[in-house]
Amino acid sequence: MVERLQTGVDVLDRKLGGGIPAGSLVALCAPPASQAELFLHELTATRGTLYVTLARTEAAVADSFRNSPTRAGTPTVRHVTGDAPLDNAAKLVSALPETSNLIVDPADVLERHDQDRYRNFLNGLQNHIQNTGGVAVLYCLDGVAVPTGRDTTRHVADIVFDLETRVGNDAVENRLTVPKFRGGRALPDVVKLELAEGVTIDTSRDIA
């Protein structure tokens, strides 16, 4: 049986049969205001993590971890800049150690580049993650302008997490669906995430 690596969210790990299969490439697709970063913070607390940021500076990312309202690790943060982000990100990936997490935030910067080169990057990333037995998470922003390469990301990814935020009159709800899960089965139910003092899951069936 393939080893499972915990996400840090207990109920989700149970629903996924113990967690995410080692060697998986995960696409976390969520709106910019979804608080998906708290989910990523929890993931970094489970094992060593390389956090590749393509938007915010290293200092800004490190500060968000220090002030996180939920459990968080102390990832190694690297800011990818310049005219060749795919090449620079690939160099960082090639040095990723065994059984580590890799987080790319946001993947949108890479998804907007030449599609053949982006596909090659994803295939190289997937091979490295499989060989090292870790987990790679591409944080994909579902904003106004979704990049051309998003379909490629979702196709190559082993697991797709879709996080939707709904704002009501008196509450904000974050709903997680798992439509794709290689090495397991997609979750049949929508799961409501309570992203507050910790990432917990409300499995009640009162979701309208």
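Let me sum up the structure you'll find in this document. (Residues numbered from 1 in each chain as written. Predicted model: local features only at pLDDT ≥ 70, side-chain atom pairs only at ≥ 80, totals over all residues. Heavy atoms only, no water.)

### Examining the overall build of the protein
What counts is decided by this rule: Secondary structure elements follow DSSP: runs of H or I of four or more residues count as helices, runs of E of two or more count as strands, with numbering from the N terminus. Just to be clear, the radius of gyration here is over C-alpha atoms, and the globule rule we use is 2.2 Å times residues to the power 0.38. A 1.4 Å probe rolled over the protein chains alone gives each residue an accessible area, and that area as a share of the maximum for its type sets the label: buried under 20%, exposed over 50%, partly exposed in between. As used throughout, the charge tally considers Lys and Arg to be positive and Asp and Glu to be negative, leaving His and the chain termini uncounted. Each charge is placed at NZ for Lys, CZ for Arg, CG for Asp and CD for Glu.
Helix and strand content of the protein: seven helices and eleven strands. In summary, the protein has a C-alpha radius of gyration of 16 Å against a globular reference of 17 Å for 208 residues, a match within 12%. Across its three principal axes, the protein shows a C-alpha extent of roughly 45 × 40 × 30 Å. Across the 208 residues in the protein, those meeting the buried criterion constitute 49%. Put simply, the protein has 21 plus and 27 minus side-chain charges, and the middle of one group is 4 Å from the middle of the other.

### Here we look at the nonpolar core
This is how it is decided: Within this scheme, the nonpolar core is defined by two criteria: the residues are buried Ala, Val, Leu, Ile, Met, Phe, Trp, Tyr or Cys, and they are joined through side-chain atoms within 4.5 Å. Contacts are residue-level and defined by heavy atoms, with any inter-residue pair within 4.5 Å sufficient.
Ranked by internal contacts, the top residues of the largest apolar core, which has 29 residues, are Leu 28, Val 137 and Phe 161. Elements with a minimum of two residues in this core: strand E3 (24–30), helix H2 (36–44), helix H3 (58–66), strand E7 (135–141), strand E8 (159–167), strand E9 (172–181) and strand E10 (191–195). Setting aside residues up to four positions removed in sequence, Val 137 forms contacts with Val 26, Leu 28, Leu 40, Leu 43, Leu 102, Ile 103 and Val 104. Residues Ala 107, Leu 122, Ile 129 and Val 160 belong to the second largest nonpolar core, which totals 26 residues.

### Section: the packing of aromatic side chains
Here is the rule we go by: Stacked, tilted and edge-to-face are the three classes assigned to paired rings of Phe, Tyr and Trp, where Trp is represented by its six-membered ring and a pair needs centres within 6.5 Å; plane angles under 30 degrees give stacked, over 60 edge-to-face, the rest tilted.
Enumeration over the complete set of coordinates arrives at three aromatic pairs. Between Phe 39 and Phe 161, the aromatic rings sit 5.9 Å apart at their centres with planes inclined by 80 degrees, giving edge-to-face as the arrangement. Residue Phe 39 is found in helix H2, and its partner Phe 161 is found in strand E8; the two are separated by 122 residues along the sequence. Aromatic pair Tyr 118 and Phe 121: ring centres 6.4 Å apart, planes at 20 degrees, arrangement stacked. Of this pair, Tyr 118 and Phe 121 both sit in helix H6 (residues 115–132), three residues apart, which is roughly one turn of that helix. By the burial criterion, Tyr 118 is buried, and Phe 121 matches it.

### Description of the side chain of Ser 34
Selection criterion: Residues adjacent in sequence count toward polar contacts only when both atoms are side-chain atoms; beyond that, a polar contact is any pair of N or O atoms within 3.5 Å, and within protein one must be able to donate a hydrogen and the other to accept it.
The topology assignment puts Ser 34 in the loop between E3 and H2. The class for Ser 34 is buried, based on a relative accessible area of 0%. Within the structure, Ser 34 has its side chain in polar contact with the backbone oxygen of Pro 31 (distance 2.9 Å). At 3.3 Å, the side chain of Ser 34 and the backbone nitrogen of Ala 36 are in polar contact.

### A short note on the packing of helix H4 (residues 85–94) against H6
Definition in use: For helices, the fitted axis covers only the stretch in contact; all axes are lines through C-alpha atoms, and the angles between them, taken along N-to-C directions, range from 0 to 180 degrees. Each angle gets one of four labels, with under 35 degrees taken as roughly parallel, over 145 as roughly antiparallel, 65 to 115 as roughly perpendicular, and the rest as oblique. All amino acids are sorted into three groups, where Ala, Val, Leu, Ile, Met, Phe, Trp, Tyr, Cys and Pro are nonpolar, Asp, Glu, Lys and Arg are charged, and the leftover types, Gly among them, are polar.
Closest axis-to-axis distance for the H4/H6 pair is 10 Å, and the angle between their directions is 5 degrees. Judged by the inter-axis angle, H4 sits roughly parallel to H6. Residues Leu 86, Asp 87, Ala 89, Ala 90, Val 93 and Ser 94 of H4 touch H6, and the partners they reach there are Arg 117, Tyr 118, Phe 121, Leu 125 and His 128. Broken down by class, the residue content of the contact of H4 with H6 amounts to seven nonpolar, two polar and two charged.

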